[in-house]
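# Report on the structure
One-letter residues, chain by chain:
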Amino acid sequence: MTRREGRLYRPLLWNIGCTLLVAGTTLSILMWANVIGPFRFLRLSTGQHQQQALVGFWVPDASDHIVPGELARRIDAWRRLLSHGLPLLARDSLDELVADGAGVVIVPDARFLDAERIAELQRFVRQGRGAILTGPVGVRESDGRWRGWDLMASLLSVSQVIPLERNAAQQISAWRRGPLSAGLSPGESVRLSPESGAPAIADTDAGAELRWPASATADAGGIAAASKRFELGRGRLLWLAAGPERSWDPGVGPWQAMARLVGAALAWVGRQPWLELLPWPDGARFAGRLEAVSDWQQSGAETARSGFESEIHRAEISGGLARLALPATGPGGRELRALAISLLRQSGAWIASQEQIVAWVSGRASIATRFERVGPGRVLLKLSNLGPAAVDRSVLRVHLNRPVEAATVAPTLVFQRRPGIRYRRGLEWLDLLLPEIPAGVSYSYALDYEILAPEGSEERLSGAWEWPIESAVQ
């Protein structure tokens, strides 16, 4: 090349090189944004939302001498549920747990908490952290003497705590649908070892997602609630009527149900995502089935309507199945059938036959879901159809457990259909309307979201505390 040609081509080569460098940098940025989600240059996010929130056991003034080995047994039961990669600490001081980075504490034995310790726990939660307590709270002195239920009633802001008989306290079940019962199917039970004096609270006090069996409702004056969750300052506190120490041994169904319940509980108090494949097609609130009864008892239209409405109300609360009985033969059957269908449609039920319900439940059970936090404000969702038939019209509810500002979803694999997305600004969950999933096929989606900024803040917050909860509960 001559000097003259060099003068001609050198600027051209520099331009081409700079263009390639800029293009490569842009592609790198796009690649990282696709992996970790949106981010900002020259600005570091601050505050608790970027720290790792560990889970700690708070064991203040342990009175293990009352029942030797009891505290160790309780902690061991929790550890068997939570030991899959989740950092766990055990301290007798909340200050030490805070210094170690604990954002959520579990109180494995709350029976011996006194008023001073309860006030300390409340301060911990009000600062923006979470706490889970199980069973009786603050009912015994440090030497084992009975103190009563007043401290517990005050902490939970309920009118009364009702101790149950031994035979009435052998299981808790999903009742209302919500972020806590999202770990269980409608009406699913967690079996427990028998225990006299297990605490229940009136459902009017709790708006509970869990309840004790029907045999316990008479003592409680209605539904005997087995849970209560509420905001306390900037944090969250959750009470469960029973913990893992009362569940059955690992490897059987009831233990798995307890594991899912605990996972959903930790997700809510720690403001972490949790997945719930909704029970019915298209996310219907509940399902309805018409049942022909041969020994139908003659009744008037108003009596029949009252019975239908009562059954529908029960199913609306639980998200389960409403069974409306109709006469198999005789006059008035057609009118009653039309009335039943009208009431179900007005309530948003999925109306189906027994065969359709069985097929749907079987198909839904074949869908395996899991998630992974891959960056601030980004969750990778994975679904697999392990069954022999395609599943259509399913809806995946993502409990972000923090108020949603905005959200988008996109497939991560080629030739996948993009699911629909349904959410309302300020709610703590969103729904993905999934396309048909053929048998043996897996889908993967990237969900990007922004969290509604706390009041008084000018900045939108992406994501939440980072902790490997998905490895512990899936």
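Cut-offs and rules
- For every chain, the first residue of its written sequence is number 1, and the numbers climb from 1 along that sequence.
- Only residues with pLDDT of at least 70 get local features here, since the model is predicted, and only at 80 or more are side-chain atom pairs given and counted; chain-wide, interface and lining totals rely on the full set of residues.
- Just so you know, side-chain values use all the structure's heavy atoms and leave hydrogens and water out.
- The pairing criterion for strands is at least two bridges between them, as found by DSSP.
- Strands here mean DSSP runs of E at least two residues long; helices mean DSSP runs of H or I at least four residues long; both are numbered from the N terminus.
- Whenever a helix is involved, its axis is fitted only over the stretch in contact; in every case the axis is a line through C-alpha atoms, and angles between N-to-C directions fall within 0 to 180 degrees.
- Crossing handedness is read from the near helix: turned anticlockwise from the far helix by less than a right angle, it gives a left-handed crossing, and turned clockwise, a right-handed one.
- Between two residues, a contact is recorded if the distance between any of their heavy atoms is within 4.5 Å.
- Charged residues are taken to be Asp, Glu, Lys and Arg, nonpolar residues to be Ala, Val, Leu, Ile, Met, Phe, Trp, Tyr, Cys and Pro, and polar residues to be all remaining types, Gly included.
- Grid points spaced at 1 Å and placed over the protein atoms alone form the basis of the search, with a cavity being a set where a 1.4 Å probe fits but cannot get out and a pocket an open set showing protein on both sides within 12 Å along at least five of seven lines. Lining residues have an atom within 4 Å of a point.
- Grid points are joined across faces, edges and corners, and a volume is the space filled by probe spheres set on the points.
- We call two N or O atoms a polar contact when they sit within 3.5 Å, provided that within protein one can donate a hydrogen and the other can accept it, with sequence-adjacent residues counted only if both atoms are side-chain atoms.
- Put simply, a salt bridge is a Lys or Arg side-chain nitrogen that is within 4 Å of an Asp or Glu carboxyl oxygen.
- Buried, partly exposed and exposed residues are distinguished by accessible area as a fraction of the type maximum, computed with a 1.4 Å probe on protein chains only: under 20%, between the cut-offs, and over 50%, respectively.
- Note on terminology: a nonpolar core comprises buried Ala, Val, Leu, Ile, Met, Phe, Trp, Tyr and Cys residues joined through side-chain atoms within 4.5 Å.

## Remarks on the sheet that holds strand S3 (residues 102-107)
The mixed open sheet is built from 6 strands, whose spatial order is S2-S1-S3-S4-S12-S11. Edge positions in the sheet fall to strand S2 (88-91) and strand S11 (227-232), since each of these pairs with one other strand and no more. Here the average twist between neighbouring strands, direction ignored, is 20°. Judged from the 4 bridges that link them, S3 and strand S4 (residues 130-134) form a sheet pairing that is parallel. Within S4, the residue paired with Ile 106 across the bridge is Ile 132.

## Side note on the packing of helix H9 (residues 301-318) against helix H10 (residues 333-346)
Closest axis-to-axis distance for the H9/H10 pair is 10 Å, and the angle between their directions is 35°. For the element pair H9 and H10, the recorded crossing hand is right-handed. For the pair formed by H9 and H10, the contact residues are Ala 301, Ala 304, Arg 305, Phe 308, Glu 309 and Ile 312 on the first element and Leu 336, Leu 339, Ala 340, Leu 343 and Leu 344 on the second. For the contact of H9 with H10, the per-class residue count stands at 9 nonpolar, no polar and 2 charged.

## Focus: empty space enclosed by the protein
Regions of empty space are outlined by a rolling probe, equal in size to a water molecule, passed over the atoms. Inspection of every chain in the model, using the stated rule, returns 2 cavities of 30 Å³ or more. In this structure, the second largest cavity encloses a volume near 60 Å³. Around the second largest cavity sit Arg 74, Thr 134, Gly 135, Pro 136, Glu 195, Ala 198, Pro 199, Ala 241, Ala 242, Glu 245 and Arg 246, which together line it. Per-class residue counts for the lining of the second largest cavity are 5 nonpolar, 2 polar and 4 charged.

## Digging into the side chain of Asn 401
Along the chain, Asn 401 turns up in the loop between strand S19 (395-399) and strand S20 (404-411). A distance of 2.7 Å separates the side chain of Asn 401 from the backbone oxygen of Gln 272, its partner in a polar contact. Those residues in contact with Asn 401, other than ones at most four positions away along the chain, are Pro 179, Arg 236, Ala 267, Trp 268, Arg 271, Gln 272, Trp 274 and Glu 428.

## Digging into the pattern of salt bridges
Tallied over the entire structure, the rule returns 27 salt bridges. Asp 109 is the partner of Arg 74 in a salt bridge, and the nearest nitrogen-oxygen pair spans 3.9 Å. Taken together, the residues Arg 74 in helix H2 (residues 70-82) and Asp 109 in the loop between S3 and helix H4 (115-126) connect sequence positions 35 residues apart. Given a relative accessible area of 8%, Arg 74 falls into the buried group. Residue classification places Asp 109 among the buried positions, given a relative accessible area of 14%. For Asp 448, the salt bridge identified is with Arg 378, shortest N-O distance 2.7 Å. With a gap of 70 residues between them, Asp 448 in strand S23 (residues 442-451) and Arg 378 in strand S18 (residues 378-385) connect regions that are remote in the sequence. Linked through salt bridges whose partners overlap, the residues forming this network are Glu 70, Arg 73, Arg 74, Asp 109, Arg 111 and Glu 245.

## Focus on the environment of Gln 127
Along the chain, the position of Gln 127 falls in the loop between H4 and S4. As a C-alpha pair, Gln 127 and Gly 235 span 108 residues in sequence and 6.2 Å in three-dimensional space. A distance of 2.5 Å separates a polar atom in the side chain of Gln 127 from a polar atom in the side chain of Arg 129.

## Brief notes about the sheet that holds S20
What links the strands of a sheet is backbone hydrogen bonding, and the strands pair in either a parallel or an antiparallel sense. Pairing in this open sheet of 4 strands is antiparallel, and the strands run S17-S18-S23-S20 from one edge to the other. Since the sheet does not close on itself, it has two edges, and those belong to strand S17 (367-375) and S20, each with one partner. Along the sheet, successive strands turn relative to each other by an average axial angle of 25°, direction set aside. Here S17 pairs with S18 via 8 bridges, running antiparallel. Looking across to S18, one finds that Phe 371 is bridged to Leu 381.

## Looking at the nonpolar core
If you look at the biggest cluster of nonpolar residues, it comprises 73 residues, and the most contacted ones within it are Leu 121, Leu 133, Val 137, Trp 212 and Leu 237. Element by element, the count of residues in this core is highest for helix H8 (residues 253-269), at 9 residues. Contacts of Leu 133, omitting those with residues within four sequence positions, involve Val 107, Ala 110, Leu 113, Leu 121, Leu 155, Leu 237, Leu 238, Trp 239 and Leu 240. In terms of nonpolar packing, the next biggest core, distinct from the first, is built from 31 residues, Leu 396, Leu 400, Ile 437 and Tyr 443 among them.

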